[in-house]
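Listed below are the residues making up each chain.
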Amino acid sequence: MSFLYDKSLSEIRSLLLAKELTVTEVVEACLKRIEETEPSVQALISVQAEEALEQARAMDEAGPNESKPLWGIPLTVKDLLCTKGTKTTCGSKILENFEPFYDAFAVAKLKEAGAVIIGKANMDEFAMGSSTENSAYKATKNPWDLNKVPGGSSGGSAACVTASQAFGSLGTDTGGSIRQPASLCGCVGLKPTYGLVSRRGMVAYGSSLDQIGPMTRSVEDNARLLQVIAGHDEKDSTSVDAPAADYLAALNRTDLKGLNVGLPKEFWAEGLDGEVESACRAAVAKLEELGAELVEVELPHSSYAIATYYIIAMAEASSNLARFDGVRYGYRSDEAENLLDIYVKSRSKGFGDEVQRRIMLGTYVLSSGYYDAYYKKAAQVRRLIREDYLKALEQCDVLVGPASPVTAWNVGELTSDPLKMYLMDIYTISLNLAGLPGLSLPVGLGADSNMPVGLQLLGKEFDEATLYSVASLLEEKTEQLGTPAGL
Ligand code: GLN
């Protein structure tokens, strides 16, 4: 039996436009689903039920508006995207009561397109983590097995979409935080090319790496969201001044003849779990059946990616997080006796352990005695990693590999070992260093764990359209995962 909340964004859109459903009915169905599943899944930091219902009633009164691509569609956004007048906590105590006075560019675009924002999704504090256990508020659970993590840092968005609490969500990806939770929860997640989606109004983590992107239950839904949020923003100097491509048109491709698919040999090597490898290889075989030509390629600097990423991301984070000083934003310790005390006490109490660890390490690698040895070296290696990708993508149109070396692990399993947690990002972070787009598509359940496995497609700069063509054909050939077993 198919429930209203289980339908795809595209189906709901048609039903709303045909007046077979009202926006109020759709919003109510999602709110009811949230009520049922939230006690166990814990995907959301806040729910804007009243505001959403009020908006829905006004929209119903005005009647359907076909020119708005997301008219009446309930969505959520990760809680580091500013929402005007609605708390934006970033998963941190330090921003517990922060109410932005403007919408992030991407949120404003969703609203202009007619979407109804019903909730703010849980996340690792300041997007630092791979399991959504670093949130100051709650640990989100994987809808496929409530004893397992949903991945992170956009684990709230992934779990919310997989549990059908909303028809899509925006996450952010600095080193894999869209693709990895999408893979662990079994939904579709796209990290766009750096510069395609404006970062204005997103609380910054690693500014040269961060990108906002859609998380949905289908490839078509994903393309619909990207179409709305992509495009130039003159108020973000890193936003590219070029029109977005037609992502929906990319879904019309009927085969993959003439397409070269590269298999980076470093992605299919030691460290990759057997069940993930078999599910991903089976999906690659389908690409071949669809007419694609497989080519083996090399990314020789891959083994430096984790070290390079964590130096750069922490350096940028230490600088970005300097603004949370107890004076301008959020939490201020009331035990402080002088200015320095305000900084020290507010930051010590307001930030969690992982954030403090990263600020310290980031400050260290930027300090004058160590800058050349760490930060500068990392910046140089980053260039080599990007060149590896560009070279590989000269020989093929897309690259494929797993999104995560394992399926979802147990809650609490890695929290005391940050290094092991960092290693979980092995297949996602180099793409952020290179600035390229990547998509994770569910391709099956692991034979041993029965947990979702995601295949990662990596593309050329601003060629999200090709990622969508390949993903949508592969999706058609793949048996749908169905209802998450944990719910
Ligand atoms: N797990 C990585 C980190 O902790 C990536 C996080 C992200 O993409 N936001 O930095």
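Note that the coordinates shown come from a computational prediction; the quantities given were computed from them, not determined experimentally. (Residues numbered from 1 in each chain as written. Predicted model: local features only at pLDDT ≥ 70, side-chain atom pairs only at ≥ 80, totals over all residues. Heavy atoms only, no water.)

A. Fine view of the nonpolar core. Of all hydrophobic cores here, the largest spans 132 residues; its most connected members are Leu70, Leu110, Phe126, Tyr389, Leu455 and Tyr468. Among the elements that take part in this core, helix 9 (residues 305-320) stands out by supplying 10 residues, more than any other. With residues near it in sequence (within four places) discarded, leucine 455 still touches Trp268, Cys280, Ala283, Val284, Val400, Gly401, Leu439, Ser440, Leu441, Val443 and Leu474. Residues Ala408, Trp409, Leu414 and Met421 belong to the second largest nonpolar core, which totals nine residues. (Core = buried A, V, L, I, M, F, W, Y, C linked by side-chain atoms within 4.5 Å. Buried < 20%, exposed > 50% of the residue type's maximum accessible area, 1.4 Å probe, protein only. Helix = DSSP H or I, 4+ residues; strand = E, 2+ residues; numbered from the N terminus. Contact = heavy atoms within 4.5 Å.)

B. Looking closely at the site of the ligand. Around the ligand, 15 residues are found, and the nearest of them are Thr174, Gly175, Ser177, Tyr205 and Tyr309. Between the ligand and serine 130 there is a distance of 2.9 Å, counted from a nitrogen atom to a side-chain nitrogen or oxygen. In the model, an oxygen atom of the ligand is placed 2.8 Å from a nitrogen or oxygen of the threonine 174 main chain. Burial of the ligand by the surrounding chains reaches 100%, relative to a free accessible area of 290 Å². Counted by class, the shell around the ligand contains five nonpolar, seven polar and three charged residues. (Near = heavy atom within 4 Å. Polar contact = N/O pair within 3.5 Å; in protein donor to acceptor, adjacent residues only side chain to side chain. Areas by Shrake-Rupley, 256 points an atom, 1.4 Å probe, with all protein chains shown as cover. Nonpolar A, V, L, I, M, F, W, Y, C, P; charged D, E, K, R; others polar.)

C. Broad picture of the packing of helix 2 (residues 23-41) against helix 3 (residues 49-62). At their nearest, the axes of helix 2 and helix 3 sit 8 Å apart, and the two run at 160° to each other. Of the possible angle classes, the one that applies to helix 2 and helix 3 is roughly antiparallel. Between helix 2 and helix 3, the residues in contact are Val23, Thr24, Val27, Glu28 and Leu31 and Ala49, Ala52, Leu53, Ala56, Arg57, Met59 and Asp60, respectively. Residue classes in the contact of helix 2 with helix 3 are distributed as eight nonpolar, one polar and three charged. (Axes fitted to C-alpha atoms, helices over the stretch in contact; angles between N-to-C directions. Parallel < 35°, antiparallel > 145°, perpendicular 65-115°, else oblique.)

D. Seen up close, the UniProt feature "domain: Amidase" (unreviewed entry) in the protein chain. Taken from the UniProt record, the annotation "domain: Amidase" (unreviewed entry) applies to residues 25-467. Annotation note: span residues 25-467, helix share 37%, strand share 14%, distance between end C-alpha atoms 34 Å. (UniProt positions renumbered as here; feature names shortened; annotations may be inferred.)

E. Structural context of helix 12 (residues 372-395). With 24 residues, helix 12 extends 34 Å from end C-alpha to end C-alpha; this agrees with the ideal 34 Å at 1.5 Å per step. Where helix 12 is buried, its residues meet strand 8 (293-297), helix 9, helix 11 (353-366), strand 9 (398-402), helix 14 (429-434) and strand 11 (452-459). (Expected span 1.5 Å × (residues − 1).)

F. Highlighting helix 9. For helix 9, which comprises 16 residues, the first-to-last C-alpha distance of 22 Å matches the rise-based estimate of 22 Å (1.5 Å per residue) to within 8%. In terms of burial, helix 9 is largely enclosed, as 14 of its 16 residues are buried.

G. View of the UniProt feature "active site" (unreviewed entry) in the protein chain. Summarizing the sequence annotation, UniProt attributes the feature "active site" (unreviewed entry) to Lys78, Ser153 and Ser177 in the numbering used throughout. Sequence-wise these annotated residues cover 100 residues; spatially they are packed, their C-alpha atoms never more than 11.0 Å apart. On the secondary structure map, serine 153 appears in the loop between strand 3 (116-121) and helix 5 (155-162). Within polar-contact distance, the side chain of serine 153 engages the side chain of lysine 78 at 2.8 Å. Its location among the elements puts serine 177 in the loop between strand 4 (169-173) and helix 6 (179-185). The residues touching serine 177, leaving out its near neighbours within four places in the chain, are Lys78, Ala127, Gly129, Gly152, Ser153, Ser154 and Thr172. Polar contacts involving the side chain of serine 177 include one to the main-chain carbonyl oxygen of glycine 152, which spans 3.5 Å.

H. Up close: a nonpolar patch on the surface. A cluster of nonpolar residues, Val327, Leu339, Leu340, Tyr343 and Val344, forms a patch on the protein surface that exposes about 450 Å² of accessible area. For tyrosine 343, the position within the fold is in helix 10 (residues 339-350). (Patch = residues over 30% accessible without salt bridge, like charges linked within 9 Å, V, L, I, M, F, W, Y side chains within 5 Å. Salt bridge = Lys/Arg side-chain N within 4 Å of Asp/Glu carboxyl O.)

I. Molecular detail of unusual backbone geometry. Omega for the peptide link from glycine 152 to serine 153 comes to 5°, which places this bond in the cis form. With phi around 60°, asparagine 450 is a residue other than glycine that occupies positive phi space. Tracing the backbone through its elements, the reader meets asparagine 450 in the loop between strand 10 (438-445) and strand 11. Backbone geometry at phenylalanine 462 places phi at a positive 60°, although glycine is not the residue there. You can see phenylalanine 462 is positioned in the loop between strand 11 and helix 15 (464-476).

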